[in-house]
Amino acid sequence: MKTSKKVKPAATPKPYTELPLNQILQGNCIELMNSLPEKSVDVIFADPPYNMQLKGELHRPDNSHVSAVNDEWDKFDSLAVYDDFTREWLTAAHRILKDTGTIWVIGSYHNIYRVGSILQDIGYWVLNDIVWRKTNPMPNFRGTRFTNAHETMLWCNKGEGYNKYTFNYDAMKALNEDIQMRSDWVLPICSGKERLKVNGHKGHSTQKPESLLYRVLLSSTNKGDVVLDPFFGSGTTGAVAKKLGRNYIGLEMEDKYISLATDRINMVEPLTGDALEITPAKRAQARIPFGNLVERGMIKPGTVLVDPSKKHSAKVRADGTIISKDDKGSIHQIGARVQGAPSCNGWTFWHLEVQNNLIPIDTLRQQVRAELH
């Protein structure tokens with residue numbers, strides 16, 4: 001979340017030799033990041049000041065007051081000052097990010113284009129721009145422009161060629177009912193019981209919904225990873241990180257937000273055991289040759305495999321190859337050839353007939369993977 005850009009008079013933080021895991025550090029985010037070990041953080045989620053440049057009070061048509069973002073930490077003297085601030089904190093973030101790490105930066109039309117340009121100038125490589133489409137956005141009360149119903153997140157790695165980053169593609173697909181997740185996310189803004197209140201007023205003017213951070217962290221981190229939020233605010237990043245078994249580091253200037261976030265995170269019950277497991281990426285799963293099923297006796301030589309329609313068949317040989325008529329080869333090669341196709345996933349194409357039911361041979365492969373796991 002957002003925090004003040006102004007530095008309170010304080011000593012420069014001493015360098016950390018070990019990461020201060022699951023703590024909120026008070027101070028200027030740039031100085032604090034510069035005090036952390038180089039290449040020590042897996043993921044950074046940043047919700048910096050948007051520099052919204054609001055002029056005057058905002059009211060509804062009935063003249064009631066709108067609680068807009070008019071905090072001091074969101075005010076900058078000029079765009080040049082804002083750009084300098086952005087360049088400094090993004091440079092500090094780049095230093096502490098692991099070579100396998102990624103950074104998420106969220107913003108609105110007020111700032112995200114300037115932030116994106118500076119990200120690329122520093123050397124970050126943009127992987128996606130995610131459009132968070134709000135199901136319940138605040139209306140444009142003055143009726144002078146379209147309702148601003150979305151914010152943009154830039155997801156980046158450290159630079160071109162830094163391609164060994166975490167992306168839990170299959171988990172995201174599972175979260176989206178087995179449909180590849182798109183870059184437009186339809187989620188509600190933070191409201192109702194989730195919105196933190198202090199004396200009946202918003203605890204933080206730009207509190208983000210946990211559903212947004214849940215998707216961010218589930219997609220780009222693994223259990224035990226370190227997630228840093230340089231603009232910690234109300235602590236949404238820390239709350240979701242704790243719930244999902246990730247470590248967090250929060251950087252925050254203001255006492256009131258640190259108190260709010262601390263109380264909130266202390267109430268979070270982390271998930272444990274099987275509840276924390278996600279669908280693993282296929283490329284990360286153990287490679288199981290078809291011949292492994294044969295030598296284990298799970299599929300015997302001489303067994304006849306068929307496709308789902310029983311139009312094609314092939315017999316298993318002792319070395320894990322299969323033969324269809326006079327054509328011999330792997331389960332993938334023969335599957336492609338009988339179909340006249342350029343390629344074939346033999347694991348899902350070939351089936352065993354068991355008690356009048358057809359079972360894909362991939363079922364047996366998953367059994368072996370489960371045993372290895």
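- You'll find the protein entered in an unreviewed UniProt entry as Methyltransferase, with Paremcibacter congregatus given as the organism.
- The record held by UniProt for the protein lists under Catalytic activity (unreviewed entry) the comment "a 2'-deoxyadenosine in DNA + S-adenosyl-L-methionine = an N(6)-methyl-2'-deoxyadenosine in DNA + S-adenosyl-L-homocysteine + H(+)".
- Recorded in UniProt for the protein, the comment headed Sequence similarities (unreviewed entry) runs: "Belongs to the N(4)/N(6)-methyltransferase family."

Comments concerning the environment of Leu97
Then comes step 1: If you trace the backbone, Leu97 turns up in strand E3 (residues 97–107).
Then comes step 2: Measuring from C-alpha to C-alpha, the distance between Leu97 and Asn157 comes to 9.0 Å, with 60 residues separating the pair along the chain.
Then comes step 3: The contacts of Leu97, once residues within four sequence positions are left out, are Lys39, Val41, Asp42, Val43, Ile44, Thr102, Ile103, Tyr124 and Lys158.

Section: the domain arrangement of the protein
Reports often express the size of an interface as the amount of accessible area lost when the parts come together.
Then comes step 1: What the domain assignment lists for the protein is domain 1 (23–53 + 68–276) and domain 2 (290–371).
Then comes step 2: Each of domain 1 and domain 2 has a C-alpha centre, and these two points are 47 Å apart.

Considering helix H11 (residues 362–372)
Then comes step 1: Of the residues making up H11, those classed as buried are Asp362, Leu364, Arg365, Val368 and Arg369. Summarising the axial view, the buried residues of H11 lie within an arc of 155°, below the 170-degree limit, and thus occupy one face. Exposed side chains of H11 directed beyond 90 degrees from the buried face belong to Ala370 and Glu371.
Then comes step 2: Buried residues along H11 sit against helix H8 (290–295), helix H10 (346–349), strand E15 (351–354) and strand E16 (357–360).

Brief notes about helix H6 (residues 236–243)
Residue pairs spaced three or four apart in an α-helix point in one direction, given the helix's 3.6 residues per turn.
Then comes step 1: Of all eight residues in H6, six are buried, a share of seventy percent or more.
Then comes step 2: Taken together, the buried positions of H6 are Thr236, Thr237, Gly238, Ala239, Val240 and Ala241.
Then comes step 3: Elements that come into contact with the buried residues of H6 comprise strand E2 (41–46), helix H5 (210–220), strand E9 (226–229), strand E10 (247–252) and helix H7 (255–266).
Then comes step 4: Remark: Gly245 follows H6 within two positions and exhibits a positive phi of approximately 75°.

Examining the packing of aromatic side chains
Then comes step 1: All told, the structure shown has 11 aromatic pairs when counted by the stated rule.
Then comes step 2: Ring geometry for Trp89 versus Phe231: centroids 5.1 Å apart, planes at 85°, classification edge-to-face. Of this pair, Trp89 sits in helix H2 (residues 79–96) while Phe231 sits in the loop between E9 and H6, and the two are 142 residues apart along the sequence. Each member of the pair, Trp89 together with Phe231, is buried.
Then comes step 3: Linked through ring pairs, Trp104, Trp155, Tyr165, Phe167, Tyr169 and Trp185 together constitute an aromatic cluster.
Then comes step 4: The ring of Trp185 carries the charged tip of Arg215 above its face, separated from the ring centre by 5.0 Å.

The rules we used
Residues numbered from 1 in each chain as written. Predicted model: local features only at pLDDT ≥ 70, side-chain atom pairs only at ≥ 80, totals over all residues. Heavy atoms only, no water. UniProt positions renumbered as here; feature names shortened; annotations may be inferred. Helix = DSSP H or I, 4+ residues; strand = E, 2+ residues; numbered from the N terminus. Contact = heavy atoms within 4.5 Å. Domains from an automatic or database assignment. Buried < 20%, exposed > 50% of the residue type's maximum accessible area, 1.4 Å probe, protein only. Arc of directions from axis to C-beta. Phe/Tyr/Trp six-rings, centres within 6.5 Å; stacked < 30°, edge-to-face > 60°. Lys NZ or Arg CZ within 6 Å of the ring centre and 35° of its normal.

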